[in-house]
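# Descriptive analysis of the structure
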Amino acid sequence: MSNPVLNFCIRLMKWLPVVFITLIVLWSYYAYVVEMCVFAITSLPQKVVYLVLYHVFFLIFVWSYYQTIFAPVGKPAQEFYLSKADVDRLEHEDREDRQQQYLAQMAKDLPLVTRTIGGSIRYCEPCQLIKPDRCHHCSMCGTCVLKMDHHCPWVNNCVGYSNYKFFVLFLGYGLLYCIYVAGTSVEYFVKFWNKELDDTIGNGRFHILFLFFAAAMFSISLVSLFGYHLYLVFSNRTTLESFRTPMFRHGPDKDGFNLGSSNNLKEVFGEDRRLWFLPVFTSLGDGLKFPTRVQYDPSEPAPTDSPATESPDSPDSVGFGDGMSFPTRRTSEDSHQLLNDRQRWAEEGEGDISDRETALTTVQPPGRSRVHVEAET
């Protein structure tokens, strides 16, 4: 039985990174507005210009950060969940091939084009649902997340379909904010270094010194992360997919969802360009199905015993796939078993996703987790 006090403490601890970032931002506001603009800058026009521009960057950055934190995690629709009778039927079936047939039957009307390395339908035991394409289970959030990119401790939220645009804008505006602060404070940093600042500002000189250093350091770290996620946007991949190639009907295809840079950008930021740079939700689709660069023929049987190969290069053929599914299953490494160890399915490499990915850091390639015995032998 779970301990309510322990669970509360764990939830509280998860907010520490957010509190840390918030305190840094609040301190930077004080150091820039009060110590630098009010006390250190003597020219009134310069004060006004600096303060106006600063608040523009500050407000849009804080807005994006807020949206990334508090956007609801996108969850699969009800039709992807198994009924209690279906779950009981699955658990009481001893034959693995029959279990796979049950899953295939349950998923036959769902819009699925991806599968596991073993050719199985991607099933989540903790949530008891058939996972939509690009959906993964996050043990930190305790739910399956649509188009999951990674779990970010700095926002205490999963980054996925519902808030990926906000996250990219948060990185971009955070970078602009840091560059602006560093660029406008460098003059007074140099004056401090040369001991040219007025002694009347007292300890404010140290605030300006650390303000410049903090802004410069965060700029360096954000520029690479923001650039990486721009690359993912233009190639229509998630962080997970960049390290683990999605498996389609005819094999793995790293560009399976790539519709061209323009269409990829619109899929995240929407059709209306006037809203691209505002942290309001404009992403296309419903997070359950995604256009693919290859239109699969539903009447063509999928190979199940041939080696996995790259999908045919047909960049001009775009559709929603064939909607067919194959028995697949994933099990989180930390707990949760369906039936017993012999009867488990798992996606290759997909273990405790949230324990491997963090934002503002480079995600390491996941290792292999257990897969259905027929896929390994």
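Residues numbered from 1 in each chain as written. Predicted model: local features only at pLDDT ≥ 70, side-chain atom pairs only at ≥ 80, totals over all residues. Heavy atoms only, no water.

## Comments concerning the overall build of the protein chain
Counting its secondary structure elements, the protein chain contains eleven helices and nine strands. Within the protein chain, the proportion of its 377 residues that are buried is 49%. Long-range contacts, defined as pairs at least 24 residues apart, comprise 68% of the intrachain contacts of the protein chain with a sequence gap of at least 6. Carbon and sulfur atoms form 62% of the exposed surface of the protein chain, whose accessible area is close to 18,300 Å². (Helix = DSSP H or I, 4+ residues; strand = E, 2+ residues; numbered from the N terminus. Buried < 20%, exposed > 50% of the residue type's maximum accessible area, 1.4 Å probe, protein only. Contact = heavy atoms within 4.5 Å. Areas by Shrake-Rupley, 256 points an atom, 1.4 Å probe, with all protein chains shown as cover.)

## Regarding the nonpolar core
Counting 49 residues, the largest nonpolar core has Tyr-32, Met-36, Tyr-54, Tyr-164 and Phe-269 as the members making the most contacts within it. Elements with a contribution of two residues or more to this core: helix H2 (16-40), helix H3 (44-70), helix H6 (164-193), helix H7 (204-235) and helix H9 (261-269). The biggest single contributor to this core is H6, with 16 residues. Setting aside anything within four residues of it in sequence, one finds Phe-269 in contact with Lys-165, Val-168, Leu-169, Val-233, Trp-276 and Thr-282. Among the nonpolar cores identified, the runner-up in size contains 20 residues, and Val-87, Leu-103, Cys-127 and Leu-146 belong to it. (Core = buried A, V, L, I, M, F, W, Y, C linked by side-chain atoms within 4.5 Å.)

## Description of unusual backbone geometry
One non-glycine residue, Asn-156, adopts positive backbone phi at about 50 degrees. Within the element layout of this structure, Asn-156 appears in the loop between strand S6 (150-152) and strand S7 (157-159). A relative accessible area of 17% places Asn-156 in the buried class. Positive phi outside glycine occurs at Asn-236, with the angle close to 55 degrees. Note on Asn-236: relative accessible area 4%, which makes it buried.

## Some remarks on the sheet that holds strand S8 (residues 247-248)
Spatially, three strands are ordered S1-S8-S9 in an open sheet, and the strand pairing comes out antiparallel. Across the chains shown, the open sheet's two edge strands, defined by having one partner strand only, are strand S1 (114-115) and strand S9 (251-252). Bridge count between S1 and S8: two bridges; the pairing is antiparallel. Bridged to Thr-114 within S8 is Phe-248. (Pairing = 2+ DSSP bridges.)

## A short note on the UniProt feature "transmembrane region" (unreviewed entry) in the protein chain
UniProt annotation of "transmembrane region" (unreviewed entry) refers to residues 12-32, 48-66, 166-186 and 206-234 when read in the numbering used here. The span residues 12-32 is 95% helical and 0% strand by assignment, and the distance between its end C-alpha atoms comes to 30 Å. Between the C-alpha atoms that bound residues 48-66 the distance is 27 Å, and the span itself is 100% helix and 0% strand. (UniProt positions renumbered as here; feature names shortened; annotations may be inferred.)

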